[in-house]
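Letter by letter, the chains look like this.
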Protein chains: 2
Amino acid sequence: MKRTFLFIYLFCIMIAASFSQEKKAFTLNDVIPGGSNYFNLIPQNMPGLQWWGDICIRTDVEDIKTIDVKTGKETVLLTLKEVNDALQNGEKPYKLSHPVKPLRSLQGASLPWEKQKIVKFSGKVGDERSSESYTFFYDFGLKKLTNMFRIGEEGATNFDFCKENGYLAYTSGDHLYIIRQGDRSTPVSPHAAGKKEKARDIVYGQAVHRNEFGIYKGTFWSPKGSYLAFYRMDQSMVTDYPQVNTTTRIATLEPDKYPMAGMTSHKVTVGVYNIATEKTVYLQTGDPTDRYFTNISWSPDEKSIYLIELNRDQNHAQLIRYDAESGERKELLYEEMHARYVEPQHPLIFLPWDDTKFIYQSQRDGFNHLYLFDTQAPREPETVQGKDPECRYRSYVAVTPITEGEWLVQNVLGFNAKKKEIIVASTEISPLQTNLFSISLKTGKRTLIGSDDGVHNAQLSGSGTYVIDNFTSAKVPRIISILPTNGKQGTTLFTASDPLKEQYNLPEITIGTIKAVDGETDLYYRLIKPVNFDPTKKYPAIIYVYGGPHAQVVKNTRFYAAGGWDLYMAQQGYVMLSIDNRGSDNRGIQFENRMFRHLGVEEMKDQVEGAKFLQSLSFVDANKIGVHGWSFGGFMTTNLMLSYPEIFKVGVAGGPVIDWQFYEVMYGERYMDTPQDNPEGYAGSNLRAKAGNLKGRLQIIIGGTDPTCVPQHSITFLRACIDAGTQPDFFIYPEDGHNMVGRDRVHLHERIARYFFDYLK
Amino acid sequence: MKRTFLFIYLFCIMIAASFSQEKKAFTLNDVIPGGSNYFNLIPQNMPGLQWWGDICIRTDVEDIKTIDVKTGKETVLLTLKEVNDALQNGEKPYKLSHPVKPLRSLQGASLPWEKQKIVKFSGKVGDERSSESYTFFYDFGLKKLTNMFRIGEEGATNFDFCKENGYLAYTSGDHLYIIRQGDRSTPVSPHAAGKKEKARDIVYGQAVHRNEFGIYKGTFWSPKGSYLAFYRMDQSMVTDYPQVNTTTRIATLEPDKYPMAGMTSHKVTVGVYNIATEKTVYLQTGDPTDRYFTNISWSPDEKSIYLIELNRDQNHAQLIRYDAESGERKELLYEEMHARYVEPQHPLIFLPWDDTKFIYQSQRDGFNHLYLFDTQAPREPETVQGKDPECRYRSYVAVTPITEGEWLVQNVLGFNAKKKEIIVASTEISPLQTNLFSISLKTGKRTLIGSDDGVHNAQLSGSGTYVIDNFTSAKVPRIISILPTNGKQGTTLFTASDPLKEQYNLPEITIGTIKAVDGETDLYYRLIKPVNFDPTKKYPAIIYVYGGPHAQVVKNTRFYAAGGWDLYMAQQGYVMLSIDNRGSDNRGIQFENRMFRHLGVEEMKDQVEGAKFLQSLSFVDANKIGVHGWSFGGFMTTNLMLSYPEIFKVGVAGGPVIDWQFYEVMYGERYMDTPQDNPEGYAGSNLRAKAGNLKGRLQIIIGGTDPTCVPQHSITFLRACIDAGTQPDFFIYPEDGHNMVGRDRVHLHERIARYFFDYLK
């Protein structure tokens, strides 16, 4: 009996040993971005793939190749060596006066003109300390440089190249410049032209409105390159948030203009610079106080500029056309009102075959869909209710819906002009997915391009007949293909393996749905069981939460979008759960806007449903539920710890919002209105008021100079806890912003993990 | 058998229950200053005891009494009621225009003139919101007000009353004023007189040099009240440390002039304001750059002002006389040089019976002693070596030592002029004590006044024949007596009990000595055994450390100076040890200055001897040694955790110095010189360099706007740990300074205790 037992025991040990030899345990350095081994363990990619008209090319380190769309066969188009030879032996006027430092890679190069054999690339020239940045144009037919220009200013950024006129727009400091050749930039903003306006107070050519409303840049070349439209932001009236830099000999102030909810905001105007006359006119929008000028769009003939204008309440959007030459306001084309908020995020897209029609995107029917506007078909405006009953709209031209249904368009890739098709990415197959479709504008018929699985990132060719498709899913590490947009079979260029899956012992990850607290809405969850799962055990469990708008934590992509930390904690013996509560992305506007004026309340109810689901699992210790999240997820984590202390025992909240009055105007007021208009909502979501409820262990972690959730959130929360006699924990990542990157990110996740090891074991 | 066991078991429970009924367990609220029950559990005191010439009085809430020095019998001198009657019915010019708010207490009153029946007191008048502060003079012989003046400025402070001329000097903002009656202040600093100097850059009438060199005020009335000497500090050239206030709607900058070691410091001058002419002259010191003007002293005839002037290196002090009327520099009387540093801390004290002689205090013989200088006996200066072989001095007048020996004078209380005696407090009996002596200047004979035990705080009567003695020791909770200065028996006014000792189960506290690492020097320790000590157990142990100059943590006073937190941790099952290492107070300059140019190194060696002592105790778990300290003790704690990680497993460091280059010029450079002069010393004591050594658990705690150890210390340390891959813990008390007070102090100690409960158990 005893001998038998010993035998079985040894056998088990041997099995365990062989298992552990076969598949290793991973560390945070293996699975956290910034970790020393992270890049070795993610599925490989093919950087540099792009279109040169209808020719697929790949800009690589040593050369640029063409790739045959039918066979995948690669042919070298030009080499790094010939580019470097041309650089060394440039003839006037492209002869460099410095000793030329060879270019190391062609990966960042592009071929702007589909009919011309010209490569554009940028590089440093001369010694390492030089801040001069050159842009070169190399003709690989003629095998010589055809243009070159130099930007001398350190800190030049926001480069915007116009292939129509060959100009590069860029910003330096808070000013805007353009350059075409040589080293003579032309100032567009008045300061550089002699007029004195204090930098930081007036900002030219940069993204405004804190990058909300789809704004990600501040310069907009006209279609033929005759004009440069740009944002000008006057923030002289905005209060400074005093950020402190502790890396100087004695700490120094680095103030940051930060308009807080309900406070005075910046004033934005839109300038139009005429390249020929070198004069700027400003669009005659009227008083810009408390208005948002979003989604700047040019008409194809360059005569008109369209803005989607939004009031500070963000519940009334108007599409307005301006005359580009005079700046005059010409007409109102469309307006949309909502009891909660309207959020325009997409510029107009004109049909390439008909300059009189454009596509407008709206959530008026509950989901983001495409609508075709006919500028030549005026109609009597009439106020109509959308399929979203809280939305009203009024159109002054004829509008035809292009898409409809309980799914949403995520991205418009472009057109196949010949076939009158539009190519989009959408959630039609699943809200967890991004699939590609071509849509016939004649018949409305949608044709799937590529797999019906997973998430597809795609680039459309010049004529719209092919896409380069970068596809991943929970099952597929990565497949890169060239696919015809007619839905037919394409050519696979590359199939990646997943080194992490191959080499390491990974946990089991499943997805499913539970009902939201409303009893109707399906919420997607991702459940990760511990590595070497034993169903007879009771494991502690952690919910990783985000919970805010515009994000989704469960997707049909690698590991169902689980982060490396989730995998790591599963390896360490934790059950990991994530749920996309109402309020999160890709489920339509009514799913999202439930939290209007009382952020956190509905979102938490759904997360509590998730916690109850965990507690219902036989292998979860119902008394050991933890929670972790960052940013909005930090708000959720802190809020859950304080609102449901009987459920959540340990939490780590990163960069949390504590009091929405400390958040910025654009994002904050969209969901909360102003503190003046919604005092109850602000009071109810102010976590300081709940500081006395803290029973479990809660660690708050922030970046020392977080410009997004400023330190005032967490610092005032600590004060509230001290006054209430509760004991949160706290940590700062000095000089870091809203998120930790690189090695700090590994350190951070080690810290977060340790907290659960200490208190939830 | 079983029945017997049950019986014994029940019996033990009964004993335990009866013990716990007899003496309670205390909480942090019982033993931490700021705790809700703290004041109920400390030995009672007799506030308001003071001398009115040779009459002992007590200013109480409802009245002011005289106390007979022989019998202790109390007689009411005047009542609060009569004062309030006088206030209500004041006659012109002392009739108040407001409705008068009754005064609530006479505890803060004083009787400035020993021959006059006049009580001086201050109070608010009118409604609660008024910032007006009145000073009243009430004659309890005439039973009426005899003077009154009003200070209208909010934030007026630094009140300095001159009983010779009846003026009150005070500061408001950064300016200096005097007032004598009514509501008309006279500005002394030029800004208020019309000249514009930016507040904060130029500061008048306040303590300068960061309160080092014994400086605690900025105004100095001349002996007859004809002049007001004052400090003027120009700190326009000093860098700002950017402190942030997070309690405003959006956080605001509150910069603080902070001269860091090696950086540009402020410039101080000394003004002399003539009351009669209303003109100011400045002492002609020459260029004030990098010089310290300390210990301002008046000659009794008001003709001269003496400064002890120190160079920035702080190794050369000069006693200089100036002409008060002209500001001219008149003579150098004495100078003292030291290989390490000189630290003048005491103004001159002229003999009351001979205006030509004064007492100077010096550590030139290794301990602070008194020297009698004869201004009328010039002599040829000669450089002499002190008994401290690193000290050299040179005197230009005749000097006679008054005291000598391996003990030090802590305080000069005054004189008995009739008997030509000086009354002092000293460590002659023990370095752990403060005892009172009268010293005959004729014979040098010292006579002990009162008990040879403990620590005595005393006030000397007008003629020097009596002291009010407030005495505490480890054995004596408090005895308050009136003692004759001839050493004879006195009258006991009050014997306090110790409510904490009576009501609560307290730990055993013992003291003793161990040898310093030099094998010779005795170091005093205090050892606290756990409450309900069981010698067969192995307890975790914590060292509470300070370790820096000018402080001592073991004294013969209540609980041998153990803090409430030490007692609490002993109650929670920890052995608590404290040691005054070399570098600490009351042991002489050579004991102190061992750390010169390499702070921390020698101090830590001694603390390690303490840790070894702990490890040698049978009831201490040698693997569970923790450490906690604040300020310099925070520096020591962090340093010990990083330098001796094999010994110290858990530490809590409060408001620590991390890098002496971030500390201020005066204190920092005294011990470390400048970073330019002592780069090795600064590098060696920079704890960031050791951040990678962290093995145990270390929590750093700071006040959010600590103006003493600015946040840059700890914030840069966190960065160093992150970069080195170690994991300290961290907490901030928002808006708190260098120390937490009130309820925050209880919260803080709960936090510190919890950390040891979590990780050292």
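Residues numbered from 1 in each chain as written. Chains lettered and ligands numbered in written order. Predicted model: local features only at pLDDT ≥ 70, side-chain atom pairs only at ≥ 80, totals over all residues.

Helix and strand counts for chain A come out as 12 helices and 44 strands. For chain A, whose C-alpha radius of gyration is 28 Å, the value lies close to the compact-globule estimate of 27 Å for 761 residues. When the 761 residues of chain A are sorted by exposure, 49% land in the buried category. Residue pairs in contact within chain A that sit at least 24 positions apart in sequence constitute 57% of those at least 6 positions apart. (Helix = DSSP H or I, 4+ residues; strand = E, 2+ residues; numbered from the N terminus. Rg over C-alpha atoms; globule rule 2.2 N^0.38 Å. Buried ≥ 20, exposed ≤ 12 C-beta atoms within 10 Å, placed from the backbone. Contact = placed C-beta atoms within 7 Å.)

Residues and elements named next belong to chain A. Close contact between helix H5 (residues 564-571) and helix H12 (residues 743-759) brings their axes to 11 Å; oriented N to C, the two are set at 35°. Handedness of the H5/H12 crossing: right-handed. Mapping the contact onto sequence places Trp565, Tyr568 and Met569 in H5 and His749, Ile752, Ala753 and Phe756 in H12. Its residues assigned to classes, the contact of H5 with H12 shows 6 nonpolar, 1 polar and no charged. (Axes fitted to C-alpha atoms, helices over the stretch in contact; angles between N-to-C directions. Left-handed = near helix turned anticlockwise from the far one by under 90°. Nonpolar A, V, L, I, M, F, W, Y, C, P; charged D, E, K, R; others polar.)

Take the pairing of strand E22 (residues 329-338) of chain A next. All names here are of chain A. Strand direction decides the pairing type here: strand E21 (residues 316-323) and E22, joined by 7 bridges, are antiparallel. Paired with Arg321 across the bridge in E22 is Glu331. Across 5 bridges, the pairing between E22 and strand E27 (residues 391-395) is antiparallel. Bridge assignment links His338 to a residue of E27, and that residue is Cys391. (Pairing = 2+ DSSP bridges.)

What follows is about the sheet that holds strand E3 (residues 63-67) of chain A. All names here are of chain A. One open sheet accounts for 4 strands, arranged E1-E2-E3-E4; its pairing is antiparallel. Two strands in the sheet have a free side with no partner beyond their single neighbour: strand E1 (49-52) and strand E4 (74-79). Taking each pair of neighbouring strands and ignoring which way they run, the sheet shows an average axis angle of 35°. The pairing of E1 with strand E2 (residues 55-59) spans 4 bridges and is classified as antiparallel. By the bridge assignment, Gln50 is partnered in E2 with Ile57.

On to the confidence of the model for chain A, then. Residues and elements named next belong to chain A. Here chain A shows a mean pLDDT of 94. Residues at 70 or above account for 95%. Note that pLDDT drops below 50 for residues 1-20; the model gives that stretch 0 contacts with residues more than four away or on any other chain. Scored by ipTM, the complex comes to 0.94, with pTM at 0.95. (pLDDT = per-residue confidence, 0-100.)

A few words now on the relation of the copies chain B and chain A. Each of the two chain copies can be brought onto the other by rotation about an axis and movement along it. Of the transformation placing chain B onto chain A, the axial shift is 0.1 Å and the rotation is 180°, giving an RMSD of 0.1 Å. Within this description, the copies of the chain are treated as partners about a two-fold rotation axis. Of the C-alpha atoms belonging to chain B, the one lying closest to the rotation axis is found on B:Phe730, 3.0 Å away. Looking at chain B, 100% of its interface residues are interface residues in chain A too, so the copies touch through the same face. (Least-squares fit on C-alpha atoms with pLDDT ≥ 70 in both.)

For the rest of this paragraph, the subject is unusual backbone geometry. Residues and elements named next belong to chain B. The residue Asn295 is not glycine, and still its phi comes out positive at about 55°. For Ser631, which is not glycine, the phi dihedral falls at a positive 65°. Note on placement: Ser631 falls in the loop between strand E41 (620-630) and helix H8 (632-643). Given 21 C-beta atoms within a 10 Å radius, Ser631 is considered buried.

Let us look at the sheet that holds strand E24 (residues 354-362) of chain B. Residue and element names in this part refer to chain B. With antiparallel pairing, the 4 strands of this open sheet are ordered in space as E23-E24-E25-E28. The strands lining the two open edges of the sheet, one partner per strand, are strand E23 (349-351) and strand E28 (397-401). Direction aside, the axes of adjacent strands within the sheet are offset by 35° on average. As judged from the 3 bridges shared by E23 and E24, these two strands associate in the antiparallel manner.

Turning next to the nonpolar core. With 409 residues, the main nonpolar core has A:Ile305 and B:Ile305 as its most contacted residues. Setting aside chain neighbours within four positions, we find A:Ile305 in contact with A:Ala229, A:Val272, A:Leu283, A:Ile296, A:Trp298, A:Tyr322 and A:Ala324. (Core = buried A, V, L, I, M, F, W, Y, C linked by C-beta atoms within 7 Å.)

Residues and elements named next belong to chain A. If you check the domain split of chain A, you get domain 1 (2-31 + 500-759), domain 2 (32-152), domain 3 (154-405) and domain 4 (407-496). Each of domain 3 and domain 4 has a C-alpha centre, and the two are 29 Å apart. Taken together, the contacts link 12 residues of domain 3 with 9 residues of domain 4. Those elements that provide at least two residues to the side of domain 3 that touches domain 4 are strand E24 (354-362) and strand E25 (369-378). A breakdown of the residues in the side of domain 3 that touches domain 4 according to their chemical character gives 7 nonpolar, 5 polar and no charged. (Domains from an automatic or database assignment.)

The next thing to look at is the pairing of strand E16 (residues 252-257) of chain B. Residues and elements named next belong to chain B. Pairing analysis gives 6 bridges linking strand E15 (residues 240-245) to E16, with the strands arranged antiparallel. Within the sheet, the bridge partner assigned to Tyr241 lies in E16 and is Asp256. In this structure, the hairpin formed by E15 and E16 is closed by a connection of 6 residues.

Time to look at the interface of chain B and chain A. Taken together, the contacts link 32 residues of chain B with 32 residues of chain A. Contributing elements (two or more residues each) for the side of chain B that touches chain A: E15, E16, helix H11 (712-724), strand E44 (729-733) and helix H12 (743-759) of chain B. Among the elements that line the side of chain B that touches chain A, the one with the most residues is H11(B), at 6 residues. A breakdown of the residues in the side of chain B that touches chain A according to their chemical character gives 16 nonpolar, 9 polar and 7 charged.

Residues and elements named next belong to chain B. Along helix H5 (residues 564-571), 8 of the 8 residues are buried, which leaves the element largely enclosed by surrounding structure. Along H5, the positions that sit buried rather than exposed are Gly564, Trp565, Asp566, Leu567, Tyr568, Met569, Ala570 and Gln571. Those residues of H5 that are buried are in contact with helix H2 (28-31), strand E38 (522-528), strand E39 (539-545), strand E40 (575-579) and H12. Directly beyond the C-terminal end of H5, a positive phi value near 95° is found at Gly573.

Turning our eyes to something else, we now look at the environment of A:Val384. All names here are of chain A. As for its position among the elements, Val384 is in strand E26 (residues 383-385). Along the sequence, Val384 and Tyr38 sit 346 residues apart, while their C-alpha atoms lie 52 Å from each other. Excluding residues that lie within four positions of it along the chain, Val384 makes contacts with Arg392 and Tyr393.

This brings us to the packing of helix H7 (residues 601-616) of chain B against H8(B). Residues and elements named next belong to chain B. Between H7 and H8, the least distance of the axes is 10 Å, while the angle of their chain directions is 70°. Between H7 and H8, the interaxial angle falls into the category roughly perpendicular. In contact with Glu603, Met604 and Gln607 of H7, H8 contributes Met636, Asn639, Leu640 and Ser643. Considered class by class, the residues forming the contact of H7 with H8 number 3 nonpolar, 3 polar and 1 charged. (Parallel < 35°, antiparallel > 145°, perpendicular 65-115°, else oblique.)

Here the focus is H8(B). Given 3.6 residues per turn, any residue in an α-helix points the same way as the ones three and four places further on. Residues and elements named next belong to chain B. For H8, spanning 12 residues, the distance from its first C-alpha to its last is 16 Å, which sits close to the expected 16 Å at 1.5 Å a residue. Judged by how many residues are buried, H8 sits mostly within the fold: 11 of 12 residues are covered. Looking at H8, one finds that the buried residues are Phe632, Gly633, Gly634, Phe635, Met636, Thr637, Thr638, Asn639, Leu640, Met641 and Leu642. The inward-facing, buried residues of H8 contact E39, H7, E41, strand E42 (648-654) and strand E43 (697-703). (Expected span 1.5 Å × (residues − 1).)

Moving on: the environment of B:Lys120. Residue and element names in this part refer to chain B. Topologically, Lys120 is positioned in strand E5 (residues 118-124). Lys120 sits 462 residues away from Arg582 along the chain, and the two C-alpha atoms are 46 Å apart. When sequence neighbours within four positions are dropped, the list of residues in contact with Lys120 reads Ala109, Ser110, Pro112, Thr135 and Phe137.

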